[in-house]
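Structure assessment
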Amino acid sequence: MNYDQGNVSSNTQEDFDEITQQIRVLQSSQDELSRSIRNLQVRAARIYNQKAAVSRIPSDVLSMIFEECRQLNPQWSGVLFLLHQSPVEVRLSHVSSHWREVALTSPSLWSSIHYPFAHKEVTLMEYLKRSDGSLLDVYIGPWRQHPQIEHVLTNIILPHLPRFRQLVLDAVSRETLAWLLATFHNVSAPALTRLRVMCRGPMSTAGPIASAKLFTEGAPLLSDVRFDSVAVILPKTEAKTLHFCPPPGPPFPLAHEKLFRALSAFPSLRTLHMKSAIELNSATPVPLIRLPSLRELVVHGLAVSTGIRIFDVISTPNIESLYLVDMNCSAISAIHRFITRSYPDAFQSLRVLRYIKCEFSEDMDIHFLRATPGISQLLVPVDKTNYLIRMLVNSDKQAAIHGCAPLWPELRTVTLHTGYCAQVVGAGGVPDDEPSPTMNLLQELVTGRKMLGRPLSKLCFKGPNAGPFANEFHWGLNRAKEFVPTEVVFCQVPALLQDGGQEYDWAIVAEAYGMQLRQFLHQVQGIRQQLTTILPPNFSFQQLRRRVDGPA
């Protein structure tokens, strides 16, 4: 009996082991089949995706699309990094294996460097590697305390200086600005075409910001240079564009002597924007800055706010476009008097004259019109006085009486800014009986020019209330059975400042990047200060960040 029970138990164990082994074999076969199915599914998905139109885009075309995405995407990469969001080039490389291959073999996609916020040392080295010899757009700053900045600049960034195409130096204080300029002092930048130097931090001391020499070994391809109120002295350059921009906050005037040294490096300058204040007095006599090649001059009211007269500083006899922005009547009168006294030796090539947010006095000299006979485009703000337009209309009446040509015989386009003054027309723009004095004056200008055989080719109303102005003007023209092509541009007052030569270009993008980054860092600092009052004394933000970023 015991023998039979033992035999049965042995057979049962053998059967159990056999079944267990079969189960293992079947499970192994199932796993193998599952892997085969998954591989086939992946292969089928790849084949399906390859048939899609987006997957059949040639690699060179896809690379061009990637580059357009990078150019159109706002360059807030510093803020994106702080928010743990990847920049557009990284996101494009994570879509598919094909896209990643194309992205990694497109050097220009990795050519934008933002240090220290967007690219830490490891990321910076990877970007420089992937850029593979292409030209670089480099943004350095802003920062207050960064332990590795000197090491990274000296050992990682500066060796690639021959590849720099665009360089933005963004400082937060006089000390950091001086250190940055000293770093790029005795070097050459053979491929650099655009340079922007900014100092957008709180200034602890008043007075002009110290000047410094930059790229003493040469930067032969420089074409576009933008400075804040700092006279950076470059070697002789063929650059065509130079801007002096005011930093936010109280003005820090440019020293007259340092401005002379800075401008002397631009003998071929064609566009100059003076937005920074200039010191009125100089310790030593400073020669007149002669710019015979200059064609476009933009002068902001801040530049002459110290009482200096701009044409006592620079000589621009051959300019074709003159933009005067945010000036009072005394500054405008001083410029008009200088132009009048210079006739006929200078300003005979002046074609475009723009007054943006300017004031006029009633003692305007008719000889100013005679001294600028080539004016073909005029931009003026509309107010209740309209002294310039009134003087122009009166001169046209005198020309009609004496049977001679008007003083501005080439004038064809007039643009009227309607956003700087109180409403001078009705809300709807159509009066009940008679037009306003402003519209009467404009209609006299149109009809007078037509009678003299010099009709206007376009009259443009621009501003937040351009519609009512245009409606009343058309109502008056219809009554007089006259016609002139008109254009109505609705925009807010800040947009009108763009007529003062301001363009949305690489420098505006760089300034917007710095502004967004500063605002974000300021908000972070405010939150930290609020948390400090409720957190324990030994709390560490760095430890918290390591815990959050660490593996779960």
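Model, not experiment: these values are computed from the prediction.

Summing up its helical and strand segments, the protein has 17 helices and 18 strands in all. Burial analysis of the protein (552 residues in total) assigns 45% to the buried set. At a minimum sequence separation of 6, the contacts of the protein that also span at least 24 residues come to 78%. Carbon and sulfur atoms make up 54% of the accessible area of the protein, which amounts to about 28,800 Å² in all.

On to the pairing of strand 4 (residues 194-199), then. Most of strand 4 is tucked away: five of the six residues are buried. Bridge count between strand 3 (residues 164-171) and strand 4: six bridges; the pairing is parallel. Along strand 4, the bridge assignment pairs Asp170 with Met198. Relative to strand 6 (residues 224-227), strand 4 is paired through four bridges, and the arrangement is parallel. By the bridge assignment for strand 6, Arg194 is matched with Asp224.

Before going further, it helps to examine unusual backbone geometry. For the peptide bond that leads from Gly141 to Pro142, omega is -10°, which places it in the cis range. You can see Pro142 is positioned in the loop between strand 2 (136-140) and helix 7 (149-157). Here the residue pair Tyr343 and Pro344 is connected by a cis peptide bond, since its omega of 0° sits within 30 degrees of zero. With respect to the helices and strands, the residue Pro344 is situated in the loop between helix 10 (329-342) and strand 14 (352-356).

Formed by 121 residues in total, the largest nonpolar core has its most connected members in Leu195, Phe215, Leu234, Leu272 and Tyr355. Those residues in contact with Leu195 that sit more than four places away from it in its chain are Leu167, Leu214, Phe215, Leu222, Asp224, Val225, Arg226, Phe227, Leu234 and Trp506. Formed by nine residues, the second largest nonpolar core is a distinct cluster that contains Phe117, Tyr139, Ala507 and Ala510.

This structure, assessed with the given rule, holds 15 salt bridges. One connected set of salt bridges, linked through shared partners, spans Arg196, Asp228 and Glu511.

Note that Thr271 resides in strand 9 (residues 271-274). According to the relative accessible area criterion, Thr271 is buried, its value standing at 16%. Along the backbone, Thr271 and Leu242 are 29 residues apart, and their C-alpha atoms lie at a distance of 6.3 Å. Excluding residues that lie within four positions of it along the chain, Thr271 makes contacts with Lys240, Thr241, Leu242, Leu294 and Glu296.

Interhelical geometry of helix 7 versus helix 8 (residues 174-183) gives an angle of 20° and a closest axis separation of 12 Å. If you check the angle between helix 7 and helix 8, you find them roughly parallel. As for how helix 7 packs across helix 8, the hand of that crossing is right-handed. Residues Ile149, Glu150 and Leu153 of helix 7 pack against Trp179, Leu180 and Thr183 of helix 8. Classifying every residue of the contact of helix 7 with helix 8 by side-chain character gives four nonpolar, one polar and one charged.

The next point concerns the side chain of Thr176. When you line up the elements, Thr176 lands in helix 8. Its relative accessible area of 12% is what places Thr176 among the buried residues. Of note is the side chain of Thr176, whose polar atom sits 3.2 Å from the backbone nitrogen of Val172. Each residue touching Thr176, except ones within four places of it in the same chain, is listed here: Trp143 and Ala171.

Together, Glu14, Asp15, Asp17 and Glu18 make up a negatively charged patch on the protein surface. Here Asp15 lies in helix 1 (residues 2-51). The exposure class assigned to Asp15 is partly exposed, which follows from its relative accessible area of 42%.

Once that is clear, we can look at the confidence of the model for the protein. Looking at the protein, the pLDDT average stands at 84 and 88% of residues meet or exceed 70. Confidence drops under pLDDT 50 across residues 548-552; counting only partners more than four residues distant or on other chains, this segment forms one contact.

We now examine the packing of helix 12 (residues 387-402) against helix 13 (residues 437-451). Between helix 12 and helix 13, the least distance of the axes is 10 Å, while the angle of their chain directions is 35°. Crossing angle aside, the handedness with which helix 12 passes helix 13 is left-handed. In this structure, helix 12 uses Ile389, Arg390, Leu392, Val393, Asp396 and Lys397 to contact helix 13, whose residues at the interface are Leu441, Leu442, Glu444, Leu445 and Arg449. When its residues are assigned to classes, the contact of helix 12 with helix 13 shows six nonpolar, no polar and five charged.

The rules behind these values
- Residues numbered from 1 in each chain as written.
- Predicted model: local features only at pLDDT ≥ 70, side-chain atom pairs only at ≥ 80, totals over all residues.
- Heavy atoms only, no water.
- Helix = DSSP H or I, 4+ residues; strand = E, 2+ residues; numbered from the N terminus.
- Buried < 20%, exposed > 50% of the residue type's maximum accessible area, 1.4 Å probe, protein only.
- Contact = heavy atoms within 4.5 Å.
- Areas by Shrake-Rupley, 256 points an atom, 1.4 Å probe, with all protein chains shown as cover.
- Pairing = 2+ DSSP bridges.
- Core = buried A, V, L, I, M, F, W, Y, C linked by side-chain atoms within 4.5 Å.
- Salt bridge = Lys/Arg side-chain N within 4 Å of Asp/Glu carboxyl O.
- Axes fitted to C-alpha atoms, helices over the stretch in contact; angles between N-to-C directions.
- Parallel < 35°, antiparallel > 145°, perpendicular 65-115°, else oblique.
- Left-handed = near helix turned anticlockwise from the far one by under 90°.
- Nonpolar A, V, L, I, M, F, W, Y, C, P; charged D, E, K, R; others polar.
- Polar contact = N/O pair within 3.5 Å; in protein donor to acceptor, adjacent residues only side chain to side chain.
- Patch = residues over 30% accessible without salt bridge, like charges linked within 9 Å, V, L, I, M, F, W, Y side chains within 5 Å.
- Lys, Arg positive; Asp, Glu negative; His and termini not counted.
- Charge placed at Lys NZ, Arg CZ, Asp CG, Glu CD.
- pLDDT = per-residue confidence, 0-100.

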